[in-house]
Every structure is written in C-alpha cells, then in structure tokens.
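Examination of the molecular architecture
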Amino acid sequence: MTQTDNKKQLIERALILSGGGARGSYQVGVIKYLNEIGWIPDMVCGTSIGAINAAAYGSGMSTDEMAELWFTYDRRTLKQFSLRGIIGCLKNGCRYAPPADTRTIRKLLEKHIDIDALRKSKTRVLITALNMKTAQIRYFTQNVIELDHLMAATAIPMVFPWQHIDGIPHWDAGLMVNTPLTPAMAWNAREIIVVLHSPAGIFDINEPKTQKQTIDLSIEHVLIGSYMATLPDTSWQTTPDADTFETPLYGSPRMNLALNGAKLRVVAPPKMPGVASMFNYSKKQAEKFIKEGYMNAKMQLGSFF
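Attention now moves to the overall build of the protein. Each helix and strand in the protein was counted, giving 12 helices and nine strands. Across the 305 residues in the protein, those meeting the buried criterion constitute 47%. Pairs at least 24 apart in sequence give 75% of the contacts found in the protein among residues at least 6 apart. When the accessible area of the protein is evaluated, it comes to approximately 15,700 Å², of which 54% is carbon and sulfur surface.

Next up, the structure:
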C-alpha cells in the first residue's frame, strides 16, 4: 500500500466551507453545532472567506474566538471605493490600482490566526487560490500556508490587490471553485458536510418579480455554480433514453443520497440573504448569521450522521 493510500484512509470526515464574503460568519454557527454533537472533521477545505474560517479552525481557535474575529473586523477601516470610480477608470484606461486597502485585514489575521499552531494541526487543512496566469486552482495545505496564502485566497478581483505566491500572482478562487468539494472526493472521505452560503440548488426559490430579486438570484446561482458542477450527473446513467437530464440534489434536506459511496449532507440558508449581505461586516449581521448557521445545522443535519 502506498503512502498516498494510507493518507486517503485517514480522511473519514471532511468539512467543506464555501466562499461568500460577509456571509462567512454563518459557518461559525455550523461549526459550533458540529462541535456540540462531536462531529470532528479530519479535513477542512475552504475557499475565500471559507479559507479564513478553515485556517482559524485548524489553528485551534474555538467557535467563541472565531466569532470574536468576526465581531472585531471593521470594514470602515478599508479604503473606500465606488462603482462610479471603477467604471470611470474602465472608460479612461487608468492604470490598475486596487481600490481597497487590505493592510488592516492582514494585521487582523496576523494577530488572531496562529500559523505555528496551524502547522501542528491534526486536521488536514486546505485552502484555495487561483493562479492568474494559468487559471489553475491551487490547493495549499497547512504545511505551507502563510499569511500571503490567506490574503491570496480572499483577494476579490477588481476590489482587493492580488497576492504573489512563489512569484506568481494569485487571487480569490471563488471565481471558479467557490465550494471546494474535490479534495474530499479525492481523499475518499466517508462523511462530507458542505456549508453553502446560498439556498440555490438546495431549496426551491420563487421566480423573481423585481430587478433586485433578479440580481439577487443571479448572484446566488454564481455562488452555487461550482458545487453543482462538481456533482456527478448520474441521471445520464439511470435514464439514458430520457429527453431531459438533471443533476441530483446531493445533500438536499429532501433527499438522502450518497456521493461516490460517501455520506454527503449540506447546510444552507433556506432563504436568500440578499447581495448586500456579502459586504455587510457589521457585528449585528455576524451575530445573526452565527445564530442562523447553528439553528440551520441543527435542523438540516438532524440525525443524518
């Protein structure tokens, strides 16, 4: 048996943390519930804000400490920018300059996330970043993760500055893999919990009636896109002569399906939080989402595991 095979056998439980900006506090509530029922992951994999939460978890932070990290962050310390200014530069061909200053975020992460403790984590931690030159998704484990990797994982294009890793520019991989499910499948995890920041693909959503609702729904579909694309479309195999094929709702509260032999379950908000929620880092919203994450996990997971 190879060393890789041994590693694969060790991954029994995997926790997948999606990107979603300020909605990321929702994941703290989910993790709190999982801790209470004794569901401890062998692997945690995160994209964008999910990468920050994954690193925080791997460094040994308690859910109370993770919540405090959310309560401490103040978006008002970021350099202000406007959509009008960005559009103006597009028209005039301005030399690119990131409109937001992330030095405060870096200092916050440096203060709260213990990289040395992350190195020693018994939990396998992976975070994602997107190689800007090749469009390849790169996964980094706790053995190499530094502050630069965390900054790259959350470098939202057109807003935050990209980060160089090994001399190569990287930014937020949420553009392509907002829900990094692949590592759990590659390591043959037997139980997988995916935390989404969108109800799309999991719960039925009403047809939009206003311009705002249409924009909101389009963003929800973007957030859920990589998760839906990663799932194997077994309908082609089970009904090859059908005229309509549809990806199964793996992990939906309405269905109890296995993914490549693994038990897979999803925790997701039942209603659309709205686009503005992705940029609202207020303590009030963080408290609300942490509470909802906990209650949703309790209701949606039930006795599944």
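Moving on, there is more to tell.
With that settled, the discussion passes to the packing of aromatic side chains. Under the criterion given, the structure shown has three aromatic pairs. Aromatic pair Y33 and Y294: ring centres 5.8 Å apart, planes at 80 degrees, arrangement edge-to-face. In this pair, Y33 is assigned in helix α2 (residues 25–36) and Y294 in helix α12 (residues 283–301), connecting sequence segments 261 residues apart. Using a relative accessible area of 17% as the deciding quantity, one classes Y294 as buried. Arranged with centres 6.1 Å apart and planes meeting at 70 degrees, the rings of W162 and W171 form a pair that is edge-to-face. Classification of W162 as partly exposed rests on a relative accessible area of 33%. For K32, the ring lying beneath its charged end belongs to Y294, and the centroid distance is 5.6 Å. When the ring centre of F71 is taken as origin, the NZ or CZ atom of K283, which lies over that ring, is 5.4 Å away.

In this fold, H197 is placed in the loop between β7 (191–195) and α10 (211–230). Its relative accessible area of 3% is what places H197 among the buried residues. A distance of 3.3 Å separates the side chain of H197 from the side chain of Q27, its partner in a polar contact. Residues within four places of H197 in sequence aside, it is in contact with S18, G19, G20, R23, G24, Y26, Q27, I49, E220, P269 and P273.

All right, on to the packing of α2 against helix α3 (residues 49–58) then. Direction vectors running N to C along α2 and α3 enclose 35 degrees, while the axes themselves pass 11 Å from each other. Crossing of α2 against α3: the hand is right-handed. Residues Q27, V28, I31 and N35 of α2 pack against I49, G50, N53 and Y57 of α3. When its residues are assigned to classes, the contact of α2 with α3 shows four nonpolar, four polar and no charged.

All right, on to the pattern of salt bridges then. Evaluation of the coordinates by the stated rule reveals seven salt bridges. Here K288 ties to E292 by a salt bridge, and the two come within 2.8 Å at their closest N and O atoms. Taken together, the residues K288 and E292, both in helix α12 and four residues apart, mark about one turn of the helix. We classify E292 as partly exposed; its relative accessible area is 28%.

For the rest of this paragraph, the subject is the confidence of the model for the protein. Counting all residues, the mean pLDDT for the protein is 85, and 79% of those residues have values of 70 or more. Ranking the helices and strands of the protein by mean pLDDT puts strand β2 (residues 43–46) first, with 98, and helix α1 (residues 3–10) last, with 48. Here residues 1–8 is modelled with pLDDT under 50, and outside its nearest four sequence neighbours on either side it reaches six contacts, counting other chains as well.

About the thresholds
- Residues numbered from 1 in each chain as written.
- Predicted model: local features only at pLDDT ≥ 70, side-chain atom pairs only at ≥ 80, totals over all residues.
- Heavy atoms only, no water.
- Helix = DSSP H or I, 4+ residues; strand = E, 2+ residues; numbered from the N terminus.
- Buried < 20%, exposed > 50% of the residue type's maximum accessible area, 1.4 Å probe, protein only.
- Contact = heavy atoms within 4.5 Å.
- Areas by Shrake-Rupley, 256 points an atom, 1.4 Å probe, with all protein chains shown as cover.
- Phe/Tyr/Trp six-rings, centres within 6.5 Å; stacked < 30°, edge-to-face > 60°.
- Lys NZ or Arg CZ within 6 Å of the ring centre and 35° of its normal.
- Polar contact = N/O pair within 3.5 Å; in protein donor to acceptor, adjacent residues only side chain to side chain.
- Axes fitted to C-alpha atoms, helices over the stretch in contact; angles between N-to-C directions.
- Left-handed = near helix turned anticlockwise from the far one by under 90°.
- Nonpolar A, V, L, I, M, F, W, Y, C, P; charged D, E, K, R; others polar.
- Salt bridge = Lys/Arg side-chain N within 4 Å of Asp/Glu carboxyl O.
- pLDDT = per-residue confidence, 0-100.

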